[in-house]
Structures are given as structure tokens and as C-alpha cells.
Amino acid sequence: MIEFELTPEEEATIAAAHKEAEELLRPIARYYDEHEHESPKDFIEQQWAQQRSGGGGMLGLGVGAALRIEETCWGDAGLMLVAPGSGLGGAAILMTGTQEQQQRFLKRYSEGEPKWGGMAMTESGCGSDTSAIQTTAVLDGDEWVLNGEKIFITGGQRAMDESDGLVVVWATVDKTAGRAGMKSFVVEAGTPGARIEKVENKLGIRASDTATLILDNCRIPYENILGSPEVRKVDSGQTAGFKRAMATFDATRPIIAAMALGVGRAALDFIKEALEKEGIQIRYGAPRHKLTAIERDIMDMEAGYKAAHMLMLRAVWMMSQFQANSLEASMAKAKAGLVVTRITQKAVEMMGPLGYSRKYLLEKWMRDGKINDIFEGTGQINMLIVARRVLDYTRDQLK
């Protein structure tokens, strides 16, 4: 039975996250949007201290953690991504690493100075088609030698240049093996041959860094491979290495959905408050044909938000119960990305020129929201995954 009821402790944590979002993130959201690449040092120190004391942070993959992330993104999605922690790299290690590797690589996120983690999957020649990765990993003695270029790494600069963090790099150990050759490797900050080449200037989530990583004869210990180095095909469409990559996405896509919903709810709350100040009430019990255009728009926005929210909760809950959630994770990600785009765009439209101006955060939320429909697998890719799972088609049959 699916159970979304929160414990009193989780409810208190989420309430505290909302208060923090309102009092700490909202007041600085515009400044760090307009000062891209400038670090919010006070916010980082506060988040790191909170995480080390066990008082919250962004760790965890359960329903409570997802709702906490939604509240934080209600405050500001870009700043949420700046919070120290193992990030997507940590999720990959948790999903594919051994217990010894989890202890060895993730222990650093509970001690010392603030640290970040990242995941490097995307390349210039392959975005959503992760099976086309060209970065190579060659075994030489007791070391792996990595060569290639990875782009659009969220938090990559802070992980590799500004802390003792790490990035999980996906590479092929055998190009002729296709997906079977895909493996993941932990590249730690300071490793010779690994360098941040550039940091992107972006449309939204501008407080966070998005980096390009160059791997030039980068040597890492043999033990830094996550999972088995063996190249073994399971069947023509799925392989062990590829399945591990997808398992990582099954863990991270519901979290991206929670992020999207935080941004969408921020815009929805704002527009409802603005209408209320003008004395406009939403008549929820009235027949639809008697509603005004604004009332219909608000109800459609709320319906989309609530549908995506339920999908997100279901995917996260299944993950917390160690149930296979590939279908549900993609459903949540695809729906939330679509919903946040529609809600934020409609909110800007409803406010007219004021919505488009920088007087309010609406135009920023529209920019911040769109990325949730793009990264961690585009909305189109996730809808293809949903279609395959629902119809029980293979990749080739769906084509």
C-alpha cells in the first residue's frame, strides 16, 4: 500500500525548509540571478553547518527529502543547487557503488570544509542518447586512463575546482560493445589530467555553475570504477552498465520533478495572492462554463500541479521502498517539466508587462523552470520511456 503520511519530525523539517526558503533564499534570489558565477558564501556556510549537524541539508532520497527540496526550490532553484553535498554524483555512487565505495567516497560530505559532487554524462555528440558516449576508459596496470570531454555538469566547477569533491564520469571501456561497455568512474578533485575547461552562462538557475570537464590522460585508481569492469551483454537492448546508468536516473528524476514543482508552486502562489489582493476570488464549486477565463486558468494550473505532485510522490515513495520505479520516475519527470513550463509561462501572461518585468520574480521563475524539462533526460525522452514501459515494447519495436 502506498503511504505518503509524514512523521511529525518530517513535517517539522519541511515547515522549517519553507521558513528558510522565505526568509533566507527569496531575499537574495534576484541578486545571485543577476550576478552569475558569484558564490553565496553565507548561504553555503549555513547549509554546510546544517548538513553536518544533521539538521536537514539536501541529503536523502525519501518522500520527506523530496518535499524538503520542493520547499527549497519554492525559495530559489538556483540557490538550492549551490547547497554543498554529494549531489548527482552521490546518487550515482549510492545506486551503483559497493558499501566500501560509498563509505570511501561519501564520507567527505560529513567533515571538513564544504564540498560538492557532480555527474558527467552528457557529451557534445550525445545528449539524451547516453549509449553513444565517446569518452574512453582504458585499463593500464592498476589504473584507468580516461580521455574525453564532458559538458553541462551541474556543480562541476565547485566539485573539482573549489572543493575536495568529486565527479562521477560515465565512459566506455569497449566502444565495439555499445551499451555493454558503459561504466562509471569516480574522478576526485585534484586528479592530474582532469580540468574544468569553462563554465556556462545560462538562461536560468544562474546561481549554480554548469561546467565542461576535460579528461586528458586522466589516471585514476582501479578501485574507482563503480560496479564490475566486466563487459557482459544481458540482452540486445539492455546491459548491466547501461542499466546502472538508468538506475541512477530512476533515483534523480523524481528529485528533479520535486524541484520543478517548487518553482511552479512559487509562481502559482504568487499569482493567487495577487488576484486575492485585487478582490478576485476563485469560485471552485461553480460550473466550468460559468467560470471566467482567469478562474479556468488558475484551476488548470492547480490541476496540473497536483497531478504532477502525486506522480512525484509515488515515484519517490517506490524508490524509498526499493521498488523498481523506472516508469514512475519518467512519468513524474515528464509531467513536472511540462507543468512547470506551463504554470510559469501562464503566470507571466496573466500579469502582463509586470510579469515580464524584473519587478517581480515571475520572469525568473519562467527561466528557472524550463531547465527541469531539459536536464536529466528531456521531456520527450522520458515520454518515450513511458510509452515503451506502458506498451511493453522494445526500443526497436517502438521505432
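Here is what the cut-offs are and how they apply
- Residues numbered from 1 in each chain as written.
- Predicted model: local features only at pLDDT ≥ 70, side-chain atom pairs only at ≥ 80, totals over all residues.
- Heavy atoms only, no water.
- Helix = DSSP H or I, 4+ residues; strand = E, 2+ residues; numbered from the N terminus.
- Rg over C-alpha atoms; globule rule 2.2 N^0.38 Å.
- Buried < 20%, exposed > 50% of the residue type's maximum accessible area, 1.4 Å probe, protein only.
- Contact = heavy atoms within 4.5 Å.
- Areas by Shrake-Rupley, 256 points an atom, 1.4 Å probe, with all protein chains shown as cover.
- Lys, Arg positive; Asp, Glu negative; His and termini not counted.
- Charge placed at Lys NZ, Arg CZ, Asp CG, Glu CD.
- Phe/Tyr/Trp six-rings, centres within 6.5 Å; stacked < 30°, edge-to-face > 60°.
- Lys NZ or Arg CZ within 6 Å of the ring centre and 35° of its normal.
- Patch = residues over 30% accessible without salt bridge, like charges linked within 9 Å, V, L, I, M, F, W, Y side chains within 5 Å.
- Salt bridge = Lys/Arg side-chain N within 4 Å of Asp/Glu carboxyl O.
- Pairing = 2+ DSSP bridges.
- Axes fitted to C-alpha atoms, helices over the stretch in contact; angles between N-to-C directions.
- Parallel < 35°, antiparallel > 145°, perpendicular 65-115°, else oblique.
- Left-handed = near helix turned anticlockwise from the far one by under 90°.
- Nonpolar A, V, L, I, M, F, W, Y, C, P; charged D, E, K, R; others polar.
- Disulfide = S-S within 2.5 Å.
- Core = buried A, V, L, I, M, F, W, Y, C linked by side-chain atoms within 4.5 Å.

J.: Kindly report on the overall build of the chain, identifying the contributing residues and their values.
T.: Along the chain, the regular secondary structure elements total 14 helices and eight strands. Its C-alpha radius of gyration of 21 Å places the chain within 12% of the 21 Å reference for a compact globule of 399 residues. In the chain, buried positions account for 52% of the 399 residues. Look at the contacts in the chain between residues 6 or more apart in sequence, and 73% of them connect residues 24 or more apart. Counting every atom, the chain has about 18200 Å² of accessible surface; 53% of that belongs to carbon and sulfur. A distance of 5 Å separates the average location of the 47 positive side-chain charges in the chain from that of its 55 negative side-chain charges.

J.: Go over the packing of aromatic side chains with me, naming the residues and quoting the values.
T.: Following the criterion strictly, the structure yields five aromatic pairs and no others. Grouped by ring-pair contacts, the aromatic residues Trp144, Phe185 and Tyr222 constitute a single cluster. Positioned over the ring face of Trp74 is Arg26, at 3.8 Å from the centre of the ring.

J.: I'd like a description of unusual backbone geometry, backed by residues and values.
T.: Backbone geometry places Phe152, a non-glycine residue, at a positive phi of 55 degrees. Position of Phe152 relative to the elements: it lies in strand 3 (residues 143–154). On the basis of relative accessible area, Phe152 is assigned to the partly exposed category, the value being 48%.

J.: Can you lay out a nonpolar patch on the surface for me, pointing to particular residues and giving the numbers?
T.: Taken together, the side chains of Val390, Leu391 and Tyr393 present a nonpolar region at the surface, about 290 Å² in accessible area. Summarising the element assignment, Leu391 is placed in helix 13 (residues 379–391). Judged by its relative accessible area of 46%, Leu391 is partly exposed.

J.: Go over the pairing of strand 2 (residues 136–140) with me, naming the residues and quoting the values.
T.: Pairing of strand 2 with strand 3, which is carried by five bridges, proceeds in the antiparallel orientation. When the sheet's bridge partners are listed, Asp140 is paired in strand 3 with Glu143. Where strand 2 hands over to strand 3, the hairpin turn is made up of two residues, of which Gly141 adopts a positive phi near 70 degrees.

J.: I'd like a description of the packing of helix 10 (residues 326–351) against helix 12 (residues 362–370), backed by residues and values.
T.: Their axes nearest at 9 Å, the elements helix 10 and helix 12 cross at an angle of 160 degrees. Judged by the angle between their axes, helix 10 and helix 12 are roughly antiparallel. Helix 10 and helix 12 meet at a crossing whose hand is left-handed. For the pair formed by helix 10 and helix 12, the contact residues are Val340, Thr341, Thr344, Gln345, Ala347, Val348 and Met351 on the first element and Leu362, Glu363, Trp365, Met366, Gly369 and Lys370 on the second. Tallied by class, residues from the contact of helix 10 with helix 12 come to seven nonpolar, four polar and two charged.

J.: Please provide a residue-by-residue account of the packing of helix 1 (residues 8–34) against helix 2 (residues 41–52), values included.
T.: Contact geometry for helix 1 and helix 2: axes closest at 12 Å, N-to-C directions at 155 degrees. On the basis of the axis angle, helix 1 is roughly antiparallel to helix 2. Across the interface between the two elements, Glu20, Leu24, Leu25 and Ile28 from helix 1 touch Phe43, Gln46, Gln47 and Gln50 from helix 2.

J.: So what's going on with the environment of Ala257? Residues and values would help.
T.: Along the chain, Ala257 falls in helix 8 (residues 240–277). Taking relative accessible area as the criterion, Ala257 reaches 1% and is therefore assigned buried. Along the backbone, Ala257 and Asp373 are 116 residues apart, and their C-alpha atoms lie at a distance of 9.1 Å. Filtering out sequence-adjacent residues up to four positions away, Ala257 remains in contact with Met312, Ala332, Lys333 and Ala336.

J.: Any details on the state of the cysteines? Residues and values, ideally.
T.: The full count for this structure, using the stated rule, is zero disulfides. Free cysteine Cys126: the closest other cysteine sulfur is in Cys218, separated by 18 Å. Under the relative-accessibility criterion, Cys126 is labelled buried at 4%.

J.: Tell me about the side chain of Glu123, and name the residues and values.
T.: Structurally, Glu123 is set in the loop between strand 1 (117–120) and strand 2. When its relative accessible area of 6% is taken as the criterion, Glu123 is described as buried.

J.: Got a sec to walk through the pattern of salt bridges? Specific residues and values, please.
T.: Under the counting rule described, the total for this entry stands at 31 salt bridges. For Lys198, the salt bridge identified is with Glu200, shortest N-O distance 3.5 Å. Take Glu200: its relative accessible area is 17%, and that puts it in the buried class. The network of salt bridges with common partners includes Arg30, Asp33, Glu363 and Arg367.

J.: Could you give an account of the nonpolar core, naming the residues involved and the relevant values?
T.: In terms of nonpolar packing, the biggest core is built from 54 residues, with Met259 and Met312 touching the most fellow members. Of all the elements in the fold, those that place two or more residues in this core are helix 1, helix 3 (63–75), helix 4 (77–82), helix 8, helix 9 (293–320), helix 10 and helix 12. When residues in this core are grouped by element, the largest group, 15 residues, is from helix 8. With residues up to four places along the chain from it excluded, the contact list for Met259 reads Ile69, Cys73, Met80, Leu81, Asn372 and Phe375. Ranked by size, the runner-up nonpolar core spans 29 residues in total, among them Ala159, Val167, Ala194 and Leu215.

J.: Give a description of the environment of Asp300 that names residues and reports values.
T.: Mapped onto the secondary structure, Asp300 falls in helix 9. Relative accessible area serves as the criterion here: at 40%, Asp300 is assigned to the partly exposed category. Sequence separation of Asp300 and Ile343 is 43 residues, and the distance between their C-alpha atoms is 8.9 Å.

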